[in-house]
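Letter by letter, the chains look like this.
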Amino acid sequence: NAGVIQTPRHKVTGKGQEATLWCEPISGHSAVFWYRQTIVQGLEFLTYFRNQAPIDDSGMPKERFSAQMPNQSHSTLKIQSTQPQDSAVYLCASSLVGGENTLYFGAGTRLSVL
Amino acid sequence: GDSVTQTEGLVTVTEGLPVKLNCTYQTTYLTIAFFWYVQYLNEAPQVLLRSSTDNKRTEHQGFHATLHKSSSSFHLQKSSAQLSDSALYYCALSQGGSAKLIFGEGTKLTVSS
């Protein structure tokens, strides 16, 4: 079991550019989550898919951020017109639905917006 | 609103001494589960403990925590801190059986020799 895989591990963009972050959940896990991690805010929930359907996007900034899960093996988080305040580590996690609901995290993508 | 609070951003303790990381919560749900996650430097957060039973002690890797609904707390404790325990610790709440976790702000634990 390779765990949750996130690519790239590091991404540097210029202000105003677009960034796309990729996540491959653990095989068999039907729930996928995106969190943003900063020193000040800690782990902030962004969005959540179950069986590829969007369930809760209450943490997503309404402009510029979007997430998709086109198939059960990957999800993407896209940030348009990146701003310096978007700089953070973006973590993807997956879990089995039901049971103990334990989230398994990937190593994250560190986004730096210059 | 529903929230999780970790009051200490940074805790420093000497190796061999006990350590306690505080976690309290606010929720309107009756069905809840609590987690402690640990994140070592440059690694992914990983689950350390989980509990959904009131007043039942849960233990793993020398750490323990007890969910106390009466005081809305799920503090993490260890009787003897080790250098390898230095990491970032997050407390997290699951409400109503939801898979979504609400995390606290995190506590950075530094164990010194």
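Scroll up to find the structure this text is about.
What comes next is a walk through the structure. What you see is a predicted model, and the numbers here were worked out from it, not measured in a lab.

1. Description of the sheet that holds strand E8 (residues 74-79) of chain A
All names here are of chain A.
- If you walk across this open sheet you meet the 4 strands as E1-E3-E8-E7, and the pairing is antiparallel. Both edges of this open sheet fall to strand E1 (5-7) and strand E7 (65-71), since each of them pairs with a single strand only. For this sheet the average axis-to-axis angle between neighbouring strands, irrespective of direction, equals 20 degrees.
- In this structure, E7 lies alongside E8, joined through 5 bridges in antiparallel fashion. Paired with Asn-71 across the strands is His-74, a residue of E8.

2. Some points on the state of the cysteines
- All told, the structure shown has 2 disulfides over all chains when counted by the stated rule.
- One disulfide in the model links Cys23(A) with Cys92(A); its S-S distance is 1.9 Å. Since a negative S-S torsion denotes a left-handed disulfide, the Cys23(A)-Cys92(A) link at about -65 degrees is left-handed. Of this pair, Cys23(A) sits in strand E3 (residues 19-24) while Cys92(A) sits in strand E9 (residues 88-95); the two residues are 69 residues apart in sequence, bridging distant segments of the chain. The pair Cys23(A) / Cys92(A) is uniform in exposure class, with both members buried.
- Disulfide pairing is shown between Cys23(B) and Cys91(B); the S-S distance is 1.9 Å.

3. Some details on the nonpolar core
- Membership of the largest hydrophobic core comes to 26 residues, with the highest contact counts inside it found for Val4(B), Phe34(B), Trp36(B), Leu48(B), Leu76(B) and Tyr89(B).
- Setting aside anything within four residues of it in sequence, one finds Val4(B) in contact with Cys23(B), Thr24(B), Tyr25(B), Phe34(B), Cys91(B), Leu93(B), Ile102(B), Phe103(B), Gly104(B) and Glu105(B).
- Residues Ala31(A), Tyr35(A), Tyr48(A) and Phe35(B) belong to the second largest nonpolar core, which totals 20 residues.

4. Quick notes on the interface of chain A and chain B
- Taken together, the 20 residues of chain A in the interface contact 19 residues of chain B.
- Summed over both sides, the interface of chain A with chain B buries roughly 1500 Å², with 56% coming from carbon and sulfur.
- For chain A, the biggest contributors to the area lost against chain B are Leu43(A), Asn101(A) and Phe105(A); these three give 32% of the whole.
- Taken together, the connections running from chain A to chain B amount to 1 salt bridge.

5. Some remarks on the environment of Thr24(B)
Residues and elements named next belong to chain B.
- For Thr-24, the location among the structural elements is in strand E4 (residues 24-26).
- In this structure the C-alpha to C-alpha distance between Thr-24 and Lys-69, which are 45 residues apart in sequence, comes to 9.7 Å.
- The residues contacting Thr-24, other than those within four sequence positions of it, are Ser-3, Val-4, Thr-5, Ser-72, Ser-73 and His-75.

6. A word on unusual backbone geometry
All names here are of chain A.
- The linkage connecting Thr-7 with the following residue, Pro-8, adopts the cis geometry, with an omega of -10 degrees.
- Within the fold, Pro-8 resides in the loop between E1 and strand E2 (10-13).
- Unlike most non-glycine residues, Arg-64 shows phi in positive territory, near 80 degrees.

7. Thoughts on the pattern of salt bridges
- All told, the structure shown has 6 salt bridges over all chains when counted by the stated rule.
- Among the ionic pairs, Glu59(B) bridges to Arg57(B), the shortest N-O distance being 2.8 Å.

Quick notes on the rules
- Residues numbered from 1 in each chain as written.
- Chains lettered and ligands numbered in written order.
- Predicted model: local features only at pLDDT ≥ 70, side-chain atom pairs only at ≥ 80, totals over all residues.
- Heavy atoms only, no water.
- Pairing = 2+ DSSP bridges.
- Helix = DSSP H or I, 4+ residues; strand = E, 2+ residues; numbered from the N terminus.
- Axes fitted to C-alpha atoms, helices over the stretch in contact; angles between N-to-C directions.
- Disulfide = S-S within 2.5 Å.
- Buried < 20%, exposed > 50% of the residue type's maximum accessible area, 1.4 Å probe, protein only.
- Core = buried A, V, L, I, M, F, W, Y, C linked by side-chain atoms within 4.5 Å.
- Contact = heavy atoms within 4.5 Å.
- Buried area = accessible area lost by both parts, 1.4 Å probe.
- Salt bridge = Lys/Arg side-chain N within 4 Å of Asp/Glu carboxyl O.

No statement about biological role is implied by the geometric values presented.
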